[in-house]
Number of protein chains: 2
Amino acid sequence: MAMQRQPLLMSRLIERGAKVQPNAEIVTATARGTRRRNLAATRDRAHQLAHALAAAGVRPGDRVGTFLWNGSRHLEAYHACAGMGAVLHTLNLRLGPADLEYIIRHGETGIIIADADTLPLLAPLAGRVPSVRRIVVAAEAEGSGSPDTQVAPAVDYEEFIAGHETRFDWPELDENAPLGLCYTSGTTGRPKGVEYEHRSQYLHTMALSMTDALGLSGADAVLGIVPMFHVMGWGIPWAALMLGCKQVMPHRFMTPERLVELMAAEGVTLSAGVPTIWQGVKTVLEAEPDAYDLSALSRVTCGGSAAPPSLIRWYQDALGVEMIQGWGMTETSPLATLSRQRMKHEHRELPLAERLANVAKAGQLLPGLELDIFDEHFNRLPHDGESVGEILVRGPWICSDYYKDPQPARFHDDWLITGDMGSIDPGEYLVIADRSKDLVKSGGEWISSVDLENHIVAMDGVASACVVAQPHPKWDERPVALVVLAAGADVPPKEILDHCATRFAKWQLPDDILFVDSIPLTSTGKLDKKAARADLAAQHYRLPSLRDAEFGD
Amino acid sequence: MAMQRQPLLMSRLIERGAKVQPNAEIVTATARGTRRRNLAATRDRAHQLAHALAAAGVRPGDRVGTFLWNGSRHLEAYHACAGMGAVLHTLNLRLGPADLEYIIRHGETGIIIADADTLPLLAPLAGRVPSVRRIVVAAEAEGSGSPDTQVAPAVDYEEFIAGHETRFDWPELDENAPLGLCYTSGTTGRPKGVEYEHRSQYLHTMALSMTDALGLSGADAVLGIVPMFHVMGWGIPWAALMLGCKQVMPHRFMTPERLVELMAAEGVTLSAGVPTIWQGVKTVLEAEPDAYDLSALSRVTCGGSAAPPSLIRWYQDALGVEMIQGWGMTETSPLATLSRQRMKHEHRELPLAERLANVAKAGQLLPGLELDIFDEHFNRLPHDGESVGEILVRGPWICSDYYKDPQPARFHDDWLITGDMGSIDPGEYLVIADRSKDLVKSGGEWISSVDLENHIVAMDGVASACVVAQPHPKWDERPVALVVLAAGADVPPKEILDHCATRFAKWQLPDDILFVDSIPLTSTGKLDKKAARADLAAQHYRLPSLRDAEFGD
């Protein structure tokens, strides 16, 4: 033995923030303002919560469910579970009752900590989740008492933790002990559980804090908009606890107006959310360009799905804010690749337009991971920016199988088959072509729905766009674009097609443009293409025969 | 199992740089200019070197010695040894023959890669290091043939690697397998070996690349002045290989003039060295303020010993360069604490003077480590900035014992007793008071030699200063200051004492000021207080009796 053999436990990382920055603020939005508490007090309450959970019978390895918005008590649950060795089972607030019931039963979750306003979503589960023996209710106004639920005996969060010691002597666990459980939002079949471990999340947290990742620093004030029930909030709460960042949490107040107010009032320097959030924030800021001071904001991190280049450009030009794009999934903890404006020495001289073009890509693989693209026979494809293949990834924060699931994760050797298709350019940037199931396969050639969407949404007057495949007797599949126009805008379909024709080949153009009022989103805010396809099917939508003729035969 | 169980091997990290930035340059200074090669070619040569070493009988776990300046071939040796699982035994070029012989024999090192100009330093070892079976000689002009040595059969580096495959299939090792061996320069007794492991250095490399550490990025051009034979060059070569940084290496051309020329010519953004280096660079720049364009330079990292606040201030004011201060030692891989101008949210509003005052401290502990100060009974001391105690540290990149040494590292429970004394202020910044053996104990009270030195060296006309304890019949020890004046300067001793009296109590002032031509330095560029004390003893120096009277009795 030459070096100390300490296990890589999250408890070793997350105690640091409160130690070096005890006065950093944890700010949670409330109906009428904010609730504020410093990091030292938040840490003390996390230790109290751990004692309360232990007193309620929670042992290392037991699942503790959270049915919570982003807020200080969700952070306390993160801290308490990681410290005591319980498994944080983050329940997605946007799941339907059937999936919710499934993941609680499947996770055998005993205690659920829930925000008071979410109780109606739990109500349909009464009598259906026998493992749940207690609901700890986080009332919006602290100490306002606990509403009753039919699901299990309820106790008010503040009563639950009151009187417990503010120091819990965290146990020495195996570094591969489970830390968290997160179910994929599953566009097909049952949700599948991914179990994070202390070691995997420890390494992910360190990677996230690198300069060439989010560049997260203890000097940052972070607004995590991505829900903490979604892939551990992309790992940001862990890194922020480690560094002692100020954290601002929107709770259920997720309107773009409120988010912008929070950013301005709290001097937020870094925020993280999906593209639809940043689209909404942009709309608010465009409407009132001088109403908010966002001068502290330097970076917004965009993940979940690809940000359109026009959106990246707008944040740079209008706000001087760097949009950081990342790619990953529940199975990858989630961060696998990341794109920033300056990651290479040669980027120092690169014109802005080219730097932004790089950011529109999914980015470079994080240190410690391996990633490549493969054809259907698992031959590696060239990194020429043209060849599109299935993306495979492996590394110490990539999952190896699903939690207690007979259906294994899809693997080739020990590489995870991600289900995303992409190319890698000569600069080693990954470019996501599409989810493999969202690619449109027309006449044996692939058409990227994402590329078409990004191009359409860059047009003035277009608010959002969703391109999906429709079955076609001759070409197998053909693309159709669903388009939401901005309020008051009038863009004829032909104009959209002409715009697409400036970049895409004729055979790649959508066969039809359908104007809709809204596009269905998944529980994590992505375009729900499965639902969009189902909507079209339910309307007995058929491709216009016109286009057939144009292709010739 | 839920997450992949890949071992944390350095081979997983260091291949990344050449992959994402194949064209990044590795620049090595030569007598007449520079030798340049890109990172992809350097990686290929490292793989060739590994094949050559394997062909010469090197197996995983075997020690490979390097007797090299900082240069591309030293980097190739780092890469090759880490990849193939050999143990990189960096031999300190500044050791005397007896210590050098000891560490080669003790390390049972079989092959030594040496720069041609260092062979005379090896010559006294002829016939005394039986384990050495081959010397691989890195000639300054590549392919200029190999000088003979009496130590062991010699082969030219280029001939040694020529013709070997440029891809070595790195083996799967245990993550706790040894990676490197570095002997402490040992101010007392025999050098002691610290063996780094793949896992420990992997974690250290990730920590080094965090924003709140060196903020190292793939966009940086790094000039590592700290020798690569000294605690693995503070880990910077590993991090730079991982990120794909441009690396500039000074080889033996370590004059301040040459270093400044390299920084200017190569657009260096980050450099790392000991305070004496930065003092020398400052002198060059002050002499010719407009001769060099250092506008790319943003950070210089200072370690090994504390940088005087006046020096930190000068770099900020004259160059707009942030000096980053760190603390650590061979036994801590080395980085344990680090200080930057902005590490906390509240630092954003902090006036420059206070930010610089923070940087003058040793800094905050890195994520993943624990550190505290203790009294002689191992009770923890308060973090009040006043209480001085022995610094203890533990964590996954802290050593647990010395390499094959009956003399164990000093431990309390599983904490390393560092031998340094310090305080921790209410902002959780570590402040080094002194090496425990360099503190002056006068009348039962401690006097910090470092504090006195920093204060004296801030005076105009003073080039450097070294304060050491001298035995005293009444007070046990009393401080004496050795002072080197700048060329042409004339500063009377009384002026120095008066200057010290503006900050220190009367009993803390040096009993004498001795002007000397130079102060002895250790092999790692620190003030050699052991040698300074020995010099004084050899001169039968006695404290002036005058001061006794002043203390009263």
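Everything numeric here is computed off the predicted structure, so don't read it as measured data.

### So, helix α12 (residues 352-359) of chain B
Residues and elements named next belong to chain B.
Line of reasoning, step 1. Within α12 the residues assigned to the buried category are Arg355, Leu356, Asn358 and Val359. Buried positions in α12, seen along its axis, are confined to an arc of 155° and lie on one side of it.
Line of reasoning, step 2. Those residues of α12 that are buried are in contact with α11 (309-319), β14 (322-328) and β15 (335-339).

### Section: the packing of aromatic side chains
All names here are of chain A.
Line of reasoning, step 1. Here the structure, examined in full by the defined rule, presents 10 aromatic pairs over all chains.
Line of reasoning, step 2. Ring centres of Trp278 and Tyr315 lie 5.9 Å apart, and the angle between their planes is 85°; on these two criteria the pair is classed as edge-to-face. Residue Trp278 is located in helix α10 (residues 275-287), and its partner Tyr315 is located in helix α11 (residues 309-319); the two are separated by 37 residues in the primary sequence.
Line of reasoning, step 3. Taking relative accessible area as the criterion, Trp278 reaches 0% and is therefore assigned buried.

### Here's the deal with the sheet that holds strand β2 (residues 34-38) of chain B
Residues and elements named next belong to chain B.
Line of reasoning, step 1. Read across the open sheet, the nine strands follow the order β2-β1-β11-β10-β12-β13-β14-β15-β16; overall the sheet is mixed. The two strands at the open ends of the sheet, each matched to only one other strand, are β2 and β16 (364-365).
Line of reasoning, step 2. Bridge analysis of strand β10 (residues 221-224) against strand β12 (residues 270-273) gives three bridges, and the strand direction is parallel. Each bridged residue has a counterpart across the sheet, and for Gly224 the counterpart in β12 is Ala272.
Line of reasoning, step 3. Packing of helix α2 (residues 39-55) onto the sheet brings it into contact with β1 (25-29) and β2, and relative to β2 it is tilted by some 85°.

### Quick notes on the relation of the copies chain B and chain A
Line of reasoning, step 1. Each copy superposes on the other: chain B lies on chain A with an RMSD of 0.0 Å after a rotation of 180° and an axial shift of 0.0 Å. Taken together, the rotation and translation relating the two chain copies correspond to the operation of a two-fold axis. Distance from the rotation axis, computed per C-alpha, reaches its smallest value in chain B at Met210 of chain B: 2.0 Å.
Line of reasoning, step 2. Of the interface residues in chain B, 100% have counterparts in chain A that sit at the interface too, so the contact is made through matching surfaces.

### Some thoughts on the interface of chain B and chain A
Line of reasoning, step 1. On the chain A side, the residues contacting the 69 residues of chain B number 69 residues.
Line of reasoning, step 2. Of all residues in chain B, Met3, Gln4 and His345 of chain B bury the most surface against chain A, accounting for 14% of the area lost on that side.
Line of reasoning, step 3. In this structure, the connection of chain B to chain A is made through six salt bridges.
Line of reasoning, step 4. Of the charged contacts in the structure, one is a salt bridge between Asp220 of chain A and Arg348 of chain B, with a shortest N-O distance of 3.7 Å.
Line of reasoning, step 5. Viewed at the interface, chain A and chain B are joined by 44 residue pairs in polar contact (both at pLDDT 80 or more).
Line of reasoning, step 6. Contributing elements (two or more residues each) for the side of chain B that touches chain A: α1 (10-20), β9 (193-197), α7 (198-208), α8 (236-243), β16 and β18 (389-394) of chain B.
Line of reasoning, step 7. Sort the elements by how many residues they give to the side of chain B that touches chain A and α7 of chain B lands first, with six residues.
Line of reasoning, step 8. Of the residues assigned to the side of chain B that touches chain A, the class counts are 30 nonpolar, 20 polar and 19 charged.

### Observations regarding the pairing of strand β21 (residues 430-435) of chain B
Every other side chain in a regular strand lies on the same face of the sheet, so the side chains alternate between the two faces.
Residue and element names in this part refer to chain B.
Line of reasoning, step 1. Sheet topology note: the strand β20 (residues 415-424)/β21 ladder contains five bridges and is antiparallel. Residue pairing for β21: Asp420 is matched across the bridge by Arg435.
Line of reasoning, step 2. As consecutive antiparallel partners, β20 and β21 are separated by five residues, and within that stretch Glu428 has a phi angle of approximately 65°, a positive value.

### With respect to the environment of Ala40 of chain A
Residue and element names in this part refer to chain A.
Line of reasoning, step 1. Structurally, Ala40 is set in helix α2 (residues 39-55).
Line of reasoning, step 2. Overall, the relative accessible area of 15% leaves Ala40 in the buried class.
Line of reasoning, step 3. It is 46 Å that separates the C-alpha atoms of Ala40 and His412, two residues lying 372 residues apart in sequence.
Line of reasoning, step 4. Not counting chain neighbours up to four residues away, the residues in contact with Ala40 comprise Ala18 and Pro22.

### Observations regarding the domain arrangement of chain A
Line of reasoning, step 1. Once the domains are mapped, chain A shows domain 1 (7-29 + 37-254) and domain 2 (440-546).
Line of reasoning, step 2. Distance from the C-alpha centre of domain 1 of chain A to the C-alpha centre of domain 2 of chain A: 38 Å.

### Some remarks on the nonpolar core
Line of reasoning, step 1. With 243 residues, the main nonpolar core has Trp278 of chain A together with Trp278 of chain B as its most contacted residues.
Line of reasoning, step 2. Excluding residues that lie within four positions of it along the chain, Trp278 of chain A makes contacts with Ile225, Met263, Ser271, Ala272, Gly273, Val300, Thr301, Cys302, Leu311, Tyr315 and Met323 of chain A.

### Looking at the confidence of the model for chain A
Residue and element names in this part refer to chain A.
Line of reasoning, step 1. In this model, chain A carries an average pLDDT of 91, and 95% of its residues clear a pLDDT of 70 or more.
Line of reasoning, step 2. Confidence over residues 546-553 falls short of pLDDT 50; this stretch has 14 contacts with residues more than four positions distant or in other chains.
Line of reasoning, step 3. Reported confidences for the modelled complex are a pTM of 0.88 and an ipTM of 0.87.

### Some thoughts on the side chain of Glu390 of chain A
All names here are of chain A.
Line of reasoning, step 1. Structurally, the position occupied by Glu390 is in strand β18 (residues 389-394).
Line of reasoning, step 2. Taking the relative accessible area as the measure of exposure, Glu390 reaches 15% and is therefore buried.
Line of reasoning, step 3. A polar contact of 3.0 Å, which involves the side chain of Glu390, links it to the backbone nitrogen of Gly419.
Line of reasoning, step 4. Filtering out sequence-adjacent residues up to four positions away, Glu390 remains in contact with Asp372, Ile373, Phe374, Arg410, Ile417, Thr418, Gly419, Asp420, Met421 and Ser436.

### So, the pattern of salt bridges
Line of reasoning, step 1. Following the criterion strictly, the structure yields 64 salt bridges over all chains and no others.
Line of reasoning, step 2. Between Glu108 of chain A and Lys404 of chain A there is a salt bridge; the shortest N-O distance is 2.5 Å. Remark: Lys404 of chain A occurs in the loop between β18 and β19 (411-412) and Glu108 of chain A occurs in the loop between α4 (97-107) and β5 (111-115); sequence separation between them is 296 residues.
Line of reasoning, step 3. Residues Arg12 of chain B and Glu172 of chain B are paired through a salt bridge, measuring 2.2 Å at the closest nitrogen-oxygen approach. Taken together, the residues Arg12 of chain B in helix α1 and Glu172 of chain B in the loop between α6 (157-161) and β8 (178-183) connect sequence positions 160 residues apart.
Line of reasoning, step 4. Members of the salt-bridge network, linked through shared partners, are Arg37, Arg45, Arg73, Glu76 and Glu158 of chain A.

### Quick look at the side chain of Asp372 of chain B
Residue and element names in this part refer to chain B.
Line of reasoning, step 1. Inspection of the secondary structure assignment puts Asp372 in strand β17 (residues 370-374).
Line of reasoning, step 2. Within polar-contact distance, the side chain of Asp372 engages the side chain of His383 at 2.7 Å.
Line of reasoning, step 3. Once residues lying within four places of it in the same chain are set aside, the contact partners of Asp372 are Arg380, Leu381, His383, Glu390, Ile391, Leu392, Trp415 and Ile424.

### Here we look at unusual backbone geometry
Line of reasoning, step 1. That bond from Ser333 of chain A to Pro334 of chain A is cis: its omega, 5°, falls within 30 degrees of zero.
Line of reasoning, step 2. Relative to the helices and strands, Pro334 of chain A is located in the loop between β14 (322-328) and β15 (335-339).
Line of reasoning, step 3. One non-glycine residue, Lys404 of chain A, adopts positive backbone phi at about 40°.
Line of reasoning, step 4. Backbone geometry places Phe378 of chain B, a non-glycine residue, at a positive phi of 60°.
Line of reasoning, step 5. Assignment of secondary structure puts Phe378 of chain B in the loop between β17 and β18.

### Thoughts on the sheet that holds strand β12 (residues 270-273) of chain A
Line of reasoning, step 1. Strand order across the open sheet formed by nine strands is β2-β1-β11-β10-β12-β13-β14-β15-β16 (chain A), with mixed pairing between neighbours. A strand with exactly one partner marks an edge of an open sheet, and here the two such strands are β2 (34-38) and β16 (364-365) of chain A.

### Some points on the environment of Leu121 of chain B
Residues and elements named next belong to chain B.
Line of reasoning, step 1. Checked against the element boundaries, Leu121 lands in helix α5 (residues 119-122).
Line of reasoning, step 2. In the structure, Leu121 is positioned 81 residues away from Ala40 in sequence and 33 Å away in space, judged by C-alpha atoms.
Line of reasoning, step 3. Discounting residues that sit within four places of it in the chain, Leu121 has contacts with Phe67, Leu93 and Leu100.

### Structural notes on the pairing of strand β20 (residues 415-424) of chain A
Residues and elements named next belong to chain A.
Line of reasoning, step 1. Of all 10 residues making up β20, 10 are buried, and the element is well covered by its neighbours.
Line of reasoning, step 2. Taken together, the four bridges between β18 and β20 define a ladder with antiparallel strand orientation. Note that in β20 the partner of Glu390 across the bridge is Met421.
Line of reasoning, step 3. Here β19 pairs with β20 via two bridges, running antiparallel.

### Focus on helix α8 (residues 236-243) of chain A
All names here are of chain A.
Line of reasoning, step 1. Counting buried positions over the eight residues of α8 gives eight, a clear majority of the element.
Line of reasoning, step 2. Among the residues making up α8, those that are buried are Ile236, Pro237, Trp238, Ala239, Ala240, Leu241, Met242 and Leu243.
Line of reasoning, step 3. Once α8 ends, the next one or two residues include Gly244, with phi positive near 80°.

### Considering the packing of α11 of chain B against α12 of chain B
Residue and element names in this part refer to chain B.
Line of reasoning, step 1. Where α11 meets α12, the closest approach of the two axes is 10 Å, and the angle between their N-to-C directions is 135°. As the angle between them shows, α11 and α12 are arranged oblique. The crossing of α11 and α12 is right-handed. Contact residues: Ile312, Arg313, Gln316 and Asp317 in α11; Leu352, Ala353, Leu356 and Val359 in α12.
Line of reasoning, step 2. Its residues placed into classes, the contact of α11 with α12 shows five nonpolar, one polar and two charged.

Rules behind the numbers
- Residues numbered from 1 in each chain as written.
- Chains lettered and ligands numbered in written order.
- Predicted model: local features only at pLDDT ≥ 70, side-chain atom pairs only at ≥ 80, totals over all residues.
- Heavy atoms only, no water.
- Buried < 20%, exposed > 50% of the residue type's maximum accessible area, 1.4 Å probe, protein only.
- Helix = DSSP H or I, 4+ residues; strand = E, 2+ residues; numbered from the N terminus.
- Arc of directions from axis to C-beta.
- Contact = heavy atoms within 4.5 Å.
- Phe/Tyr/Trp six-rings, centres within 6.5 Å; stacked < 30°, edge-to-face > 60°.
- Pairing = 2+ DSSP bridges.
- Axes fitted to C-alpha atoms, helices over the stretch in contact; angles between N-to-C directions.
- Least-squares fit on C-alpha atoms with pLDDT ≥ 70 in both.
- Buried area = accessible area lost by both parts, 1.4 Å probe.
- Salt bridge = Lys/Arg side-chain N within 4 Å of Asp/Glu carboxyl O.
- Polar contact = N/O pair within 3.5 Å; in protein donor to acceptor, adjacent residues only side chain to side chain.
- Nonpolar A, V, L, I, M, F, W, Y, C, P; charged D, E, K, R; others polar.
- Domains from an automatic or database assignment.
- Core = buried A, V, L, I, M, F, W, Y, C linked by side-chain atoms within 4.5 Å.
- pLDDT = per-residue confidence, 0-100.
- Parallel < 35°, antiparallel > 145°, perpendicular 65-115°, else oblique.
- Left-handed = near helix turned anticlockwise from the far one by under 90°.

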